[in-house]
Amino acid sequence: MIKFFAKRLAMLPLVMAGVTILLFTLLQFLSPEMRAALYVKDPRQLSALEQVIQKYHLRDPMPVQYWVWLKQVLPIGAPADGKGFPLQFKTPDLGYSETAKMPVFEAIQSFFPATLELTLMAFIPIMAFGIWFGTLSAVHKDKFVDHLSRFIAITGYSLPSFVLGLLLLMIFYGKLQYFPPGRYSLDIDMLVHDAAKFNHYTGFLLLDSLLNRNLAVFWDVLKHLILPGVTLMYISVALLVRITRSSMLEELSKDYVRTARAKGLPERVVVGKHARRNALIPVVTLSSLLFVRLLGGVVITETVFDYPGIGRWGVNAAQQLDVPGVLGSALLSAMLFVVANMISDIVYAVVDPRIRVQ
Amino acid sequence: MTRRLRAAAAILAAIAATRPAAFAQVKNPDTFIYATIGEVDSLDPAWSYDSRSHHILRNVYELLVQFKGTSLIEFEPLLAAQIPSTSNGLISKDGLTYTFPIRKGVVFHDGTPLVPEDVKYSFIRYMLQDRAGGPSSLLLDPILGINATRDKDGKPIPDLFQRADKAITVAGDKVSIKLARPYSPFLGILASHGEIISKSWCVKNGCWDGTEATWMQHNNPQKQSSYLLEHVNGTGPYALDRWDRKNKEVVLRRNDKYWRKPPALKTIVIRSVEEFATRKLMLQAGDADTTYVPIGNFPQVQDMKDVKIYDRLSKLETPIGIAFTFKLNTIANPYLGSGKLDGDGIPPEFFSDKDIRLGFARSMDHETYVKDILRGKGSPTRGLIQKGMLGYNADGANVTFSPEKATEHFKKAWGGKVWEKGFQFTMVYNDTQPNVQAMFQMIKKNVEALNPKFKIDIRTVQWPTYLDQGHSHKLPMFLAMWSADFPDPHNMVFPYYHTHGDWAFRQNYSNPKLDKMIEDAIVILDPEKRDKAYREIQRVGFEEMPQMLIADRFRFRIERDWVKGWIFRKVEPDAPYGDYYYDLSKEAK
């Protein structure tokens with residue numbers, strides 16, 4: 001098992017290198033002047049374009065440019081003063097994002113935890129509910145539960161997230177006043193910005209509130225996550241329910257299930273231990289894709305709920321031709337995709353021992 | 001199952017317990033929340049020239065004087081102890097020297113006392129920083145008689161510090177300003193611009209040291225280089241608590257050491273919420289006290305409970321118009337297509353041909369725009385100058401929608417090449433203006449219908465990008481509107497028609513004849529002659545048509561009915577939405 005993990009981990013830098021080469025190649029479609037102009041925001045400095053071109057080797061062959069760029073981006077490099085170890089950890093320099101008004105790396109650090117918190121808030125219930133409900137509808141095929149799952153799937157597929165989001169917001173905020181938009185309420189906003197009263201250890205507010213032993217912040221942040229979480233969950237759970245259902249139906253019709261039933265095993269064990277475990281392989285594949293899709297696709301939900309996350313920043317960056325911002329968010333998405341795939345490979349091995357042997 | 005039901009009931013009960021009680025009382029009684037759109041550009045008074053930023057400055061810094069209530073002709077002193085006039089001898093008989101006794105006992109937010117030297121430093125810095133497209137000309141023009149600090153080659157003019165130092169003098173507790181020429185709207189300018197900053201604090205934090213030796217190093221700086229970009233130390237009723245770029249909000253806290261009675265509201269939150277539906281729900285729930293409502297969404301709020309609406313407000317501003325850039329910047333400009341007149345792009349000087357401009361102007365259906373897009377909250381315009389001001393011409397000329405005339409102009413443009421080859425370019429607007437999108441789509445539809453070779457794309461960008469790209473002459477056609485800096489016709493025509501005006505600068509537009517007419521008109525003292533001069537400027541401007549003017553529009557403001565004290569200050573930077581928060585309080589009905 002350890003060898004299996006190690007192999008998968010070793011692949012990670014290679015895949016990332018491939019992704020960065022691809023992204024970098026795409027940049028080459030812009031002329032050296034256009035790329036240099038991205039660093040020169042002030043019109044009176046346009047005469048400095050040539051200096052920027054030289055500094056970043058923008059007229060050099062692509063491999064040279066890539067190496068210069070990589071040295072900037074890699075979190076390890078030679079020390080600036082040439083002293084100490086030849087390689088030291090450093091902050092990756094991904095450039096400055098005009099849309100976020102801060103360096104790209106800082107923007108990722110500040111927006112990503114919020115989005116990850118929101119995504120996890122949706123993803124964990126999606127997995128639990130999707131697998132449970134998919135199994136239930138397969139076991140009760142063509143009964144009420146199955147029809148209900150079909151209804152949820154159809155509405156989930158067809159309802160745009162902004163419609164559902166606004167609908168929920170109108171009911172649960174406009175009418176009932178339960179769940180407000182934003183990341184926290186006004187008083188909590190003041191509290192979390194008071195350095196004497198609240199420490200930001202991780203950037204994940206739920207976690208930070210627990211570390212600060214402040215349940216009021218925890219509860220407030222959680223309340224703000226519920227509606228966007230439910231919106232994401234509802235529009236994404238449908239696929240998981242349907243895949244689980246069809247996979248379960250296939251497994252339930254197999255001989256080993258019939259044998260298990262013939263042996264007199266309780267139905268709970270037949271379904272839960274035998275059939276469902278085998279039915280989970282396609283579900284695991286889907287779940288990793290779903291997780292990455294959730295992370296990248298939360299932009300509309302973030303906009304409707306006024307939630308300051310990475311999706312909204314990425315889209316703003318693209319709209320405003322903020323190339324460092326776009327590159328940074330694309331790099332992050334690619335990295336997440338690779339990591340999610342790796343995790344799903346590992347989960348495959350846990351779910352199905354044959355994969356480990358292979 | 002029973003256990004699960006019990007658990008579910010317990011969760012629901014917990015949620016219900018956290019539900020806020022219905023607010024018969026005022027929600028957040030000490031805090032005022034303004035949910036708006038767009039972002040702050042800079043908090044440096046010598047840099048900021050957009051309403052979003054300037055409205056923050058209005059509350060954290062202070063001017064020497066301000067307009068009294070809703071009046072545009074009466075003033076009240078702020079950091080000046082008295083309003084200068086010829087009768088009290090603080091304005092010299094020749095109208096050239098204004099003397100301001102500086103108020104005593106005022107302290108900046110950091111506790112430093114205000115001294116007359118701060119006033120002198122603030123004004124000279126305001127003038128000499130002179131970033132491209134910035135507000136410096138507002139003081140440069142009356143005080144030094146120039147509109148820019150750089151010569152034609154972009155180099156700072158050497159003796160400017162000496163001239164400024166000589167024009168603004170400190171004697172005891174008084175600051176005297178000697179104007180280059182009589183300038184009747186001078187007090188009006190000081191009631192809107194020229195925020196007073198602390199010299200010692202600025203110098204300590206790496207700003208200009210106030211000496212002749214270094215001023216050129218601080219002339220036309222990069223935005224990021226200024227400490228004042230995101231740090232504030234004023235004397236205003238509010239101090240900057242934070243500018244949170246991640247959550248897109250600015251929080252102001254009450255200045256308890258304020259020299260007047262401290263403001264009623266303790267905290268002001270100005271939050272950018274891009275989605276209108278969310279802003280509306282915030283207003284409805286009482287989590288916003290006022291919000292920006294686009295005209296198209298007015299029907300959604302007009303019958304809302306527990307709110308007040310102030311309707312048909314005429315802000316001191318120019319009509320909605322569209323500006324053409326006469327010479328476009330081609331470097332890294334994504335809006336020009338091929339950059340040539342080959343059907344796939346436009347050349348950089350495309351709009352310098354008057355027939356092109358007239359072709360577009362004739363393709364705009366003004367009346368439909370007012371009726372359908374402004375929902376009747378406007379009227380077709382008659383010129384830059386608003387009704388009630390000198391120079392207003394009720395019979396001013398404007399073009400009308402005519403596809404036939406538009407075709408004629410396009411056929412003549414660029415010696416017939418435009419009609420033969422066609423063109424393609426992108427019109428850009430700020431992403432928070434849906435009515436502008438509708439206007440651009442109307443133009444696109446009408447122009448593309450004239451010739452299948454005419455292609456226009458429409459693109460949206462955020463406000464700071466819009467500002468940056470405008471300043472670097474990258475936007476081929478863009479929205480031009482002007483909220484007056486001070487109540488005078490000069491401020492209406494200068495930005496549009498003078499070489500150093502904000503719009504004309506972005507458009508790379510320059511007309512020496514109009515420059516001279518504008519410079520001559522400002523020194524005329526006889527109201528009748530001035531009226532005539534500004535009518536003439538508008539006539540010549542209309543003939544040139546560097547911008548097409550479309551419609552005068554009415555504004556409205558919506559606020560929770562517990563908000564008290566709001567008055568419509570016509571020249572307030574973000575009026576009628578963003579406020580001078582000192583006026584406001586929150587009380588139950």
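The structure presented is a predicted model; accordingly, all values stated were derived computationally and were not measured.

Undergrad: I tried to follow the overall build of chain A on my own but got confused; where do I start?
TA: Of the regular secondary structure elements, chain A holds 16 helices and four strands. Projecting the C-alpha coordinates of chain A onto the three principal axes gives extents of approximately 80 × 55 × 40 Å. Relative to its full complement of 358 residues, chain A shows a buried share of 49%. By sequence separation, contacts in chain A at least 24 residues apart represent 64% of the contacts at least 6 residues apart.

Undergrad: Help me out: how do you make sense of the sheet that holds strand E4 (residues 97-101) of chain B in this one?
TA: The pairing of strands in a sheet comes from backbone hydrogen bonds and takes either a parallel or an antiparallel form. Residue and element names in this part refer to chain B. Pairing is antiparallel in the open sheet, where three strands are placed in the order E4-E6-E5. Edge positions in the sheet fall to E4 and strand E5 (168-171), since each has one partner strand and no second. Between one strand axis and the next, the sheet turns through 20° on average, direction left out of account. Its contacts with the sheet put helix H3 (residues 116-129) on E5 and strand E6 (174-178), and the angle it makes with E5 is roughly 175°.

Undergrad: Would you explain helix H18 (residues 512-522) of chain B in this entry?
TA: An α-helical turn contains 3.6 residues, so any two residues separated by three or four positions project in the same direction. Residue and element names in this part refer to chain B. Turning to H18, its buried residues number three or more, namely Leu514, Asp515, Met517, Ile518, Ala521 and Ile522. The buried residues of H18 occupy an angular sector of 165° when the element is viewed end-on, so they sit on one face. What points out from H18, more than 90 degrees from its buried face, is the exposed set Pro512, Lys513 and Lys516. Where H18 is buried, its residues contact helix H16 (489-497) and helix H19 (527-544). Regarding H18, its N-cap is Asn511, as a side-chain oxygen of that residue lies 2.9 Å from the backbone nitrogen of Lys513 further along.

Undergrad: Which parts of the structure should I look at to understand the layout of surface pockets?
TA: A water-sized probe rolled over the atoms picks out the places where empty space is left. Residues and elements named next belong to chain B. Quantified by volume, the largest pocket comes out at close to 1000 Å³. Lining the largest pocket are 45 residues, and of these Ala132, Ala148, Arg150, His500 and Phe505 sit closest to its centre. The set of elements that each furnish at least two residues to the lining of the largest pocket consists of helix H4 (137-144), H16 and helix H17 (502-507). Split into classes, the residues belonging to the lining of the largest pocket amount to 18 nonpolar, 17 polar and ten charged. Considered as a void within the structure, the second largest pocket measures approximately 790 Å³ in volume.

Undergrad: Any chance you could explain the nonpolar core here in plain terms?
TA: As a rule of thumb, soluble globular proteins bury nonpolar side chains together. Ranked by size, the top nonpolar core spans 167 residues in total, and within it Leu64, Phe100, Ile143, Phe360, Tyr369, Phe423 and Met439 of chain B carry the most contacts. If you tally residues by element for this core, the top one is H3 of chain B, at seven residues. Those residues in contact with Phe100 of chain B that lie beyond four places of it in its chain are Leu64, Val65, Ala80, Pro84, Asp173, Lys174, Val175, Ile177, Leu187 and Leu190 of chain B. Counting residues in hydrophobic clusters, the runner-up holds 56 residues, among them Leu94, Ala100, Ala107 and Val241 of chain A.

Undergrad: Teacher, can you tell me more about the packing of aromatic side chains here?
TA: Any aromatic ring pair is given by two values, namely how distant the centres are and how the planes are angled relative to each other. Residues and elements named next belong to chain B. As enumerated under the stated definition, the model contains 39 aromatic pairs over all chains in all. Look at Phe350 and Phe351: their rings are 5.0 Å apart centre to centre, the planes differ by 80°, and that puts the pair in the edge-to-face class. For the residue pair Phe350 and Phe351, the accessibility class agrees, reading buried in each case. Cluster of aromatic residues (ring-pair linked, three or more members): Phe324, Phe350, Phe351, Phe360, Phe410, Trp419, Phe423, Phe425 and Phe454. Positioned above the aromatic ring of Tyr580 is the side chain of Arg58, whose terminal nitrogen or guanidinium carbon lies 4.1 Å from the ring centre. Here the basic side chain of Arg131 rests over the ring of Trp47, its NZ or CZ set 4.4 Å away from the ring centre.

Undergrad: For this particular structure, what's the right way to read the domain arrangement of chain A?
TA: Interfaces are frequently sized by the accessible area removed from exposure as the parts join. Residue and element names in this part refer to chain A. As assigned here, chain A comprises domain 1 (2-97) and domain 2 (102-357). Distance between the C-alpha centres of domain 1 and domain 2: 32 Å. At the interface, 19 residues of domain 1 touch 22 residues of domain 2. Buried surface at the junction of domain 1 and domain 2, both sides included, amounts to about 2000 Å², of which 82% is carbon and sulfur. Looking at the side of domain 1 facing domain 2, the largest losses of area belong to Phe4, Leu94 and Ser97, adding up to 29% of the total buried there. The tally of links from domain 1 across to domain 2 stands at zero salt bridges. Viewed at the interface, domain 2 and domain 1 are joined by one residue pair in polar contact (both at pLDDT 80 or more). At the level of elements, helix H1 (2-27) and strand E3 (96-97) are the ones that each hand at least two residues to the side of domain 1 that touches domain 2. If one sorts the elements of the side of domain 1 that touches domain 2 by residue count, H1 sits on top with eleven residues.

Cut-offs and rules
- Residues numbered from 1 in each chain as written.
- Chains lettered and ligands numbered in written order.
- Predicted model: local features only at pLDDT ≥ 70, side-chain atom pairs only at ≥ 80, totals over all residues.
- Heavy atoms only, no water.
- Helix = DSSP H or I, 4+ residues; strand = E, 2+ residues; numbered from the N terminus.
- Buried < 20%, exposed > 50% of the residue type's maximum accessible area, 1.4 Å probe, protein only.
- Contact = heavy atoms within 4.5 Å.
- Pairing = 2+ DSSP bridges.
- Axes fitted to C-alpha atoms, helices over the stretch in contact; angles between N-to-C directions.
- Arc of directions from axis to C-beta.
- Polar contact = N/O pair within 3.5 Å; in protein donor to acceptor, adjacent residues only side chain to side chain.
- 1 Å grid on protein atoms, 1.4 Å probe; cavity = no way out; pocket = protein on both sides within 12 Å on 5 of 7 lines; lining within 4 Å.
- Points joined across faces, edges and corners; volume = space filled by probe spheres on them.
- Nonpolar A, V, L, I, M, F, W, Y, C, P; charged D, E, K, R; others polar.
- Core = buried A, V, L, I, M, F, W, Y, C linked by side-chain atoms within 4.5 Å.
- Phe/Tyr/Trp six-rings, centres within 6.5 Å; stacked < 30°, edge-to-face > 60°.
- Lys NZ or Arg CZ within 6 Å of the ring centre and 35° of its normal.
- Domains from an automatic or database assignment.
- Buried area = accessible area lost by both parts, 1.4 Å probe.
- Salt bridge = Lys/Arg side-chain N within 4 Å of Asp/Glu carboxyl O.

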